[in-house]
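Read off the chains here:
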Amino acid sequence: MTFFGELLYELRGLSREGGWIFWMLILLAFAIFSNLYNIAIAYKAVSVGEQSRIRRRLDFCFVLIGTAPLVGLLGTVSGMLATFSGLSVSSGAAPVETISGGISEALITTQTGLVIAVPSFIVCTLLKRRFQNFLHETAQVTA
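Residues numbered from 1 in each chain as written. Predicted model: local features only at pLDDT ≥ 70, side-chain atom pairs only at ≥ 80, totals over all residues. Heavy atoms only, no water.

Let's talk about the side chain of Gln51
Mapped onto the elements of the fold, Gln51 is located in helix H2 (residues 48-89). Look past the residues within four positions of Gln51 in its chain and what remains in contact with it is Val46, Phe131 and Leu135. (Helix = DSSP H or I, 4+ residues; strand = E, 2+ residues; numbered from the N terminus. Contact = heavy atoms within 4.5 Å.)

Written as structure tokens, this is what we have:
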């Protein structure tokens, strides 16, 4: 199996176990990546008008990044609710499947939220520092 085949297989399994909140996290990851990419591209042609736009994009990116662990936490709560709901309704051998499914959803979404947030926060912080250094150097040249 190729790398992309294995990746798709894993994504299919994670999406099945992580539920709809997992897909919200994937969309959020694409939004963060797109925003970070646009910020990195905007550094190449920074004018006075672009400076305020880059600041707004950086602030917005930090908001998106802060949202990722919270959406992961929502998945945790959703998984725990599914676990306890299944326990209250089912009997016999079925509770094991219900418990494992709910716990799996809780752990997958929590982990996904953190995996998205931590590296994104590091990259966004580095971009912000780079932008601030650029502004400082520009101010020194013009002064």
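A word on the packing of aromatic side chains
Taken as a whole, this structure holds 4 aromatic pairs when the rule is applied. Taken together, a centroid distance of 5.4 Å and an interplanar angle of 70° make the contact between Phe3 and Phe4 edge-to-face. Here Phe3 matches Phe4 in class, with each residue exposed. Where Phe33 meets Tyr37, the ring centres are 6.3 Å apart and the plane angle is 25°; that geometry is what we call stacked. (Phe/Tyr/Trp six-rings, centres within 6.5 Å; stacked < 30°, edge-to-face > 60°. Buried < 20%, exposed > 50% of the residue type's maximum accessible area, 1.4 Å probe, protein only.)

Describing the side chain of Glu105
Assignment of secondary structure puts Glu105 in helix H3 (residues 94-142). Look at Glu105: it is buried, it has no salt bridge, and the nearest opposite charge is Arg16 at 12 Å. At a separation of 2.8 Å, a polar atom in the side chain of Glu105 contacts the side chain of Ser78. Beyond its immediate stretch of four places on either side in the chain, Glu105 contacts Glu17, Gly18, Gly75, Ser78, Gly79 and Ala82. (Lys, Arg positive; Asp, Glu negative; His and termini not counted. Salt bridge = Lys/Arg side-chain N within 4 Å of Asp/Glu carboxyl O. Polar contact = N/O pair within 3.5 Å; in protein donor to acceptor, adjacent residues only side chain to side chain.)

Some remarks on the confidence of the model for the protein
Note: predicted coordinates in regions of low pLDDT should not be interpreted at a detailed level. Considering every residue of the protein, the mean pLDDT works out to 87; 95% of them sit at 70 or more. Per-element averaging of pLDDT across the protein places H3 at the bottom with 88 and helix H1 (residues 3-42) at the top with 90. (pLDDT = per-residue confidence, 0-100.)

So, a nonpolar patch on the surface
Taken together, Leu70, Leu73, Val77 and Leu81 make up a surface patch of nonpolar side chains, about 400 Å² in accessible area. Following the sequence through the fold, Leu70 ends up in helix H2. (Patch = residues over 30% accessible without salt bridge, like charges linked within 9 Å, V, L, I, M, F, W, Y side chains within 5 Å. Areas by Shrake-Rupley, 256 points an atom, 1.4 Å probe, with all protein chains shown as cover.)

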